[in-house]
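# Structural description and commentary
Read off the chains here:
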Amino acid sequence: MLDAIWNNLILNPMVNSLLLIYQYLFHNFGLAIIVLTALIRLITMPLTLRQQRSMEKMQEMQGSKRWKDIEKKFKGDKPKIQQEQMKLYRELGVNPFGGCLPLLLQFPIIIGLYQSITSALATAPLQLLSLSKHMYPFIPAALIPLNNRFLWWDLSLPERVVAPEVLGFGIPLLTILVVATSYLQTKMTTPPSADSQGAQMSKMMSLYMPFLFGFFAYSYAAGLALYFVATNVMTIAQYAALGKVNWRQVLSLRRAS
Amino acid sequence: MIASRVAPSHKLAWALAPLLAFVLAGCSAGQVASASWPSVSAGEDRVYVAHGPAVYAVDLDGDELWRYPAEAVRDLAFYAAPAVSEDGMVYAGAYTGHLFALSAETGDLEWEFPTADGADGTADGKIVGSPAIAGDLLLVPTDGGTLFFLDRHSGETLRTFDAVGQLWSAPRVEGGTAYLASLAHTVYAIDVATAEQVWSTDLGFAVADSPTLVDGAVLAGILGDSLVALQANSGREIWRAASQGWLWGSPAVVDGQAIFGDVFGNIYGLDLADGRVLWQQTPGEAVTSTPVIVDRRVVVGFESGALIAYDLDTQSVDWDETADGSILSDPVVAGGQVIVAVTSKDTLLQAFDAATGDFIWDYLPAAGG
């Protein structure tokens with residue numbers, strides 16, 4: 001039952017979108033992943049904007065005099081502080097969980113995309129048998145098997161390091177790109193915090209998340225890493241286009257905290 | 001105060017990141033273990049089944065004779081049905097890129113050959129399709145598209161042929177020519193003596209199973225709703241017969257007919273001369289294997305676990321049994337039994353009486369191997 005819901009709502013549309021894009025995009029699966037990522041970002045754009053607005057409002061509120069007054073007035077009384085802060089949230093129309101929905105949406109998308117990449121590339125008999133069951137009838141069977149090469153990567157496998165024979169050691173380029181773009185993206189989207197504990201947590205986040213995604217990129221199919229890079233670059237571009245990039249904050253850990 | 005200073009969405013990210021890691025790990029964990037399905041081949045008084053970490057020899061009462069390796073080895077996985085020679089050897093290809101030559105009697109290792117080249121253990125050497133025996137040669141297809149020609153007594157590489165695309169099935173050898181199907185839509189004819197290509201034909205769709213050779217023709221089922229007949233000497237297409245669904249298996253040939261099933265659950269009997277449909281049954285359950293002919297019956301295994309014997313003279317159902325799991329690989333016949341490898345946690349092999357369909361025995365490897 002849950003399988004059927006997941007397949008019909010997430011996996012099958014993603015698999016078939018990938019195949020359709022692949023069909024019309026020079027049979028290039030890497031480009032198909034990038035275009036699908038752009039489409040997903042476009043579809044989730046209203047939610048992303050809502051999350052941004054919500055975070056801005058919250059940041060503004062937490063820097064306000066009233067917020068600080070509450071902390072000063074009820075110092076030491078944690079439940080009372082929380083009670084008063086909740087009142088303030090309500091009064092100013094700020095939803096403390098307003099930023100959660102886009103984040104929650106991101107996780108099934110990542111999982112669905114990962115499954116659709118491995119499913120569409122179908123590098124083993126069971127995967128190909130499974131793919132045949134996910135394909136819509138209008139997708140031409142002649143597309144199978146897909147070309148899994150993109151630049152020098154095999155998108156169906158965890159990333160192979162670049163040029164080990166030349167340098168004597170390998171460079172996991174895609175993983176580095178994932179870490180770098182995740183770092184930039186996290187720095188841009190994490191609001192500066194006024195107190196030391198919050199700032200410390202923000203700093204940890206900006207280090208922890210890129211390395212976590214770097215770990216995913218290094219361990220799982222390179223197609224997933226390509227999705228991470230594409231979605232990070234698109235987020236950064238979107239922030240830059242909206243004029244929301246605080247480069248001082250992005251470039252300086254110290255100032256960010 | 002953290003509770004008040006950090007956006008709930010970021011706290012959620014902290015909480016969900018390990019969950020994501022767990023789910024993704026679940027997506028990919030055991031990729032080796034779940035890459036394909038068990039396959040069985042028949043010897044004179046026993047069968048050999050490749051399944052996950054080992055190859056098992058099982059007698060016709062369902063008792064295990066030996067397994068290789070005797071102790072489980074990390075990252076070793078077998079799926080291709082072993083090739084069995086008349087002089088007492090079993091050749092088992094591992095998905096993890098090794099070919100093992102074993103004594104059919106004892107399971108002792110005679111020699112092994114790594115098909116995965118490169119220090120990084122590239123995926124190219126994975127063995128999905130069965131090896132084929134051609135006199136003193138062993139032809140070993142690999143996922144990377146290389147067909148190895150080995151001396152089957154020593155394991156020495158004599159020559160190789162590089163096909164385009166993945167090779168997921170055994171080559172068929174006849175008259176000094178090997179016929180090989182590739183997932184990259186192509187069927188090749190290769191001179192066994194030189195490993196030179198005689199011809200190749202692009203069928204327009206992937207070919208997952210071995211071609212069937214009959215009366216100067218090469219029959220190939222495609223993952224694209226057709227059975228295609230080619231001239232064996234030229235590769236020229238003779239006819240193409242439409243099916244409703246993909247063809248994972250090859251046809252069985254008997255009485256001038258090609259008999260096969262598709263993934264939409266149709267069983268077809270075609271006239272070999274022109275591909276005309278002579279009869280069709282629609283049990284409605286997916287077929288991914290090649291039927292087997294025994295006496296005057298054609299026995300078909302289904303993904304649902306159904307095992308149906310059709311009378312060749314009347315095309316009616318002679319017997320209809322159900323295995324305790326999916327039948328995805330070809331059934332085999334040994335000692336008057338139809339034996340199937342079953343994809344199930346509870347059993348691996350099941351044997352049925354070829355004449356009546358009565359269940360005889362089943363086999364599940366004991367843990368610890």
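To keep things clear, this report deals only with the structure shown in the data block. (Residues numbered from 1 in each chain as written. Chains lettered and ligands numbered in written order. Predicted model: local features only at pLDDT ≥ 70, side-chain atom pairs only at ≥ 80, totals over all residues. Heavy atoms only, no water.)

## Regarding the side chain of Thr 146 of chain B
Threshold: Numbering of helices and strands runs from the N terminus, with a helix taken as a DSSP run of H or I at least four residues long and a strand as a DSSP run of E at least two residues long. Pairs of N or O atoms are called polar contacts if they sit within 3.5 Å, as long as, within protein, a hydrogen donor faces a hydrogen acceptor (for residues adjacent in sequence, only side-chain-to-side-chain pairs).
Relative to the helices and strands, Thr 146 of chain B resides in strand β11 (residues 146-151). Of note is the side chain of Thr 146 of chain B, whose polar atom sits 3.0 Å from the side chain of Asp 162 of chain B.

## Brief notes about the pairing of strand β1 (residues 39-42) of chain B
All names here are of chain B. Counted only if it meets this: DSSP bridges decide pairing: two strands pair if at least two such bridges lie between them.
Alignment of β1 against strand β2 (residues 46-51), held across 4 bridges, turns out to be antiparallel. Directly across from Ala 42, in β2, lies its bridge partner Val 47. Connecting the antiparallel pair β1 and β2 is a turn made up of 3 residues.

## Details of the sheet that holds β2 of chain B
Residue and element names in this part refer to chain B. Our working definition: To obtain an axis, a line is fitted to C-alpha atoms, over the contacting stretch when the element is a helix, and the angle between two such axes runs from 0 to 180 degrees between their N-to-C directions.
Across the sheet, which stays open at both edges, the 4 strands sit in the order β1-β2-β3-β4 with antiparallel pairing between neighbours. Both edges of this open sheet fall to β1 and β4 (64-68), since each of them pairs with a single strand only. Adjacent strand axes in the sheet meet at a mean angle of 20 degrees, parallel and antiparallel pairs treated alike. Two elements, β2 and strand β3 (residues 54-59), share 6 bridges in a ladder whose sense is antiparallel. Bridged to Ala 50 within β3 is Val 55.

## Some points on unusual backbone geometry
Note on backbone geometry: most residues besides glycine have negative phi, and most peptide bonds are trans. Formally: Classification of residues uses two cut-offs on accessible area relative to the type maximum, computed with a 1.4 Å probe and protein chains only: under 20% is buried, over 50% is exposed, and between them is partly exposed.
Of note, the amide linkage connecting Ile 144 of chain A to Pro 145 of chain A takes the cis form, showing an omega dihedral of 0 degrees. Looking at where Pro 145 of chain A falls in the secondary structure, it is placed in the loop between α7 (125-134) and β1 (149-150). With omega at -5 degrees, the peptide bond leading from Tyr 68 of chain B into Pro 69 of chain B counts as cis. Phi at Leu 151 of chain A takes a positive value of approximately 50 degrees, unusual for a residue other than glycine. Residue placement: Leu 151 of chain A occurs in the loop between β1 and β2 (153-154). Accessibility expressed as a relative area gives 58% for Leu 151 of chain A, which makes it exposed. Backbone geometry places His 185 of chain B, a non-glycine residue, at a positive phi of 75 degrees. Within the secondary structure, His 185 of chain B sits in the loop between β14 (177-181) and β15 (186-191).

## Quick word on the pairing of β14 of chain B
Regular strands have side chains that alternate between both faces of the sheet. All names here are of chain B. Counting buried residues in β14 gives 5 out of 5 residues, a clear majority hidden from the surface. What you see with β14 is no split at all: Thr 177, Tyr 179 and Ala 181 on one side and Ala 178 and Leu 180 on the other are buried throughout. Here 3 bridges tie strand β13 (residues 172-174) to β14, and the two strands are oriented antiparallel to one another. Bridging across to β14, Glu 174 finds its partner in Thr 177. If you look at the hairpin formed by β13 and β14, you'll find 2 residues sitting between the two strands, and Gly 175 has a positive phi there, around 55 degrees. As paired strands, β14 and β15 are joined by 5 bridges and run antiparallel to one another.

## Focus on the nonpolar core
Proteins that are soluble and globular tend to have nonpolar side chains buried together. Stated formally: Think of a nonpolar core as a cluster: buried Ala, Val, Leu, Ile, Met, Phe, Trp, Tyr and Cys residues, connected wherever their side-chain atoms sit within 4.5 Å. Either an automatic procedure or a domain database provided the assignment from which the domain bounds are taken. When checking whether two residues touch, look at their non-hydrogen atoms; a contact exists if any pair is within 4.5 Å.
Within the largest apolar cluster, 65 residues are counted, with the highest numbers of intra-cluster contacts made by Leu 19, Phe 29, Leu 128, Leu 146 and Leu 155 of chain A together with Trp 246 and Trp 248 of chain B. Contributing elements (two or more residues each) for this core: α1 (2-24), α2 (29-43), α6 (100-121), α7, α9 (173-189), α10 (196-219) and α11 (222-241) of chain A. When residues of this core are sorted by domain, at least three fall in each of domain 1 (1-65 + 96-147) and domain 2 (150-257) of chain A. Here Leu 19 of chain A is in contact with Ala 120, Leu 131, Met 135, Ile 139, Leu 143 and Leu 146 of chain A, once residues within four sequence places are set aside. In this structure, Val 40, Leu 60, Ile 339 and Ala 341 of chain B belong to the second largest nonpolar core, which totals 16 residues.

## Quick look at the sheet that holds strand β8 (residues 109-114) of chain B
Residue and element names in this part refer to chain B. In space, the 4 strands of this open sheet follow the order β5-β6-β7-β8, with antiparallel pairing throughout. If you trace the sheet from one side to the other, it starts and ends with β5 (83-84) and β8, each paired once. Where strand β6 (residues 89-94) and strand β7 (residues 98-103) come together, 6 bridges link them in antiparallel fashion. Across the sheet, residue Gly 93 finds its bridge partner in β7, namely Leu 99.

## Concerning the layout of surface pockets
All names here are of chain B. Rules: Grid points spaced at 1 Å over the protein atoms alone were grouped into cavities, where a 1.4 Å probe fits but cannot get out, and pockets, open sets with protein on both sides within 12 Å along at least five of seven lines, with lining residues defined by an atom within 4 Å of a point. Grid points are joined across faces, edges and corners, and a volume is the space filled by probe spheres set on the points. Each residue gets one label: Ala, Val, Leu, Ile, Met, Phe, Trp, Tyr, Cys and Pro are nonpolar, Asp, Glu, Lys and Arg are charged, and the others, such as Gly, are polar.
Estimated volume of the second largest pocket: approximately 990 Å³. Lining the second largest pocket are 44 residues, and of these Ala 81, Ser 130, Arg 172, Asp 209 and Asp 330 sit closest to its centre. Contributing elements (two or more residues each) for the lining of the second largest pocket: β1, β5, β9 (132-134), β13, β25 (292-294) and β29 (332-334). The greatest single-element share of the lining of the second largest pocket, amounting to 4 residues, is contributed by β1. Here the lining of the second largest pocket is built from residues that sort into 28 nonpolar, 13 polar and 3 charged.

## Details of the packing of aromatic side chains
Residue and element names in this part refer to chain A. The following threshold applies: Centres within 6.5 Å are what make two rings of Phe, Tyr or Trp a pair, Trp counting through its six-membered ring; a difference in plane orientation under 30 degrees is then read as stacked, over 60 as edge-to-face, and the rest as tilted.
The final tally for this structure, using the stated rule, is 24 aromatic pairs over all chains. Ring geometry for Phe 213 versus Phe 216: centroids 5.8 Å apart, planes at 80 degrees, classification edge-to-face. Placement of both Phe 213 and Phe 216 in helix α10 is noted, with a separation of 3 residues, approximately one turn of the helix. Phe 216 shares its class with Phe 213; the two are buried. With centroids separated by 6.2 Å and ring planes inclined at 50 degrees, the aromatic side chains of Phe 215 and Phe 216 adopt a geometry described as tilted. Since its relative accessible area comes to 46%, Phe 215 is described here as partly exposed.

## Re the packing of α9 of chain A against α11 of chain A
All names here are of chain A. The following threshold applies: By convention the crossing between two helices is left-handed if the near helix lies anticlockwise of the far one by an angle smaller than a right angle, and right-handed if it lies clockwise.
Their axes nearest at 9 Å, the elements α9 and α11 cross at an angle of 30 degrees. Where α9 crosses over α11, the two elements pack in a sense that is left-handed. In contact with Leu 174, Leu 177, Val 178, Thr 181, Ser 182, Leu 184, Gln 185, Met 188 and Thr 189 of α9, α11 contributes Ala 222, Ala 225, Leu 226, Phe 228, Val 229, Asn 232, Val 233, Thr 235, Ile 236 and Tyr 239. Across the contact of α9 with α11, the residue classes tally to 13 nonpolar, 6 polar and no charged.

## Brief notes about α11 of chain A
Residues and elements named next belong to chain A. Stated precisely, the cut-off is as follows: In this scheme, a helix's expected span is set at 1.5 Å multiplied by one less than its residue total.
Between its first and last C-alpha atoms α11 spans 28 Å; for 20 residues at 1.5 Å apiece the expected length is 28 Å, and the two agree. The buried fraction of α11 amounts to 15 of the 20 residues, a majority that puts the element mostly inside the structure. Positive phi appears at Gly 243, one or two residues downstream of α11, with a value of about 70 degrees.

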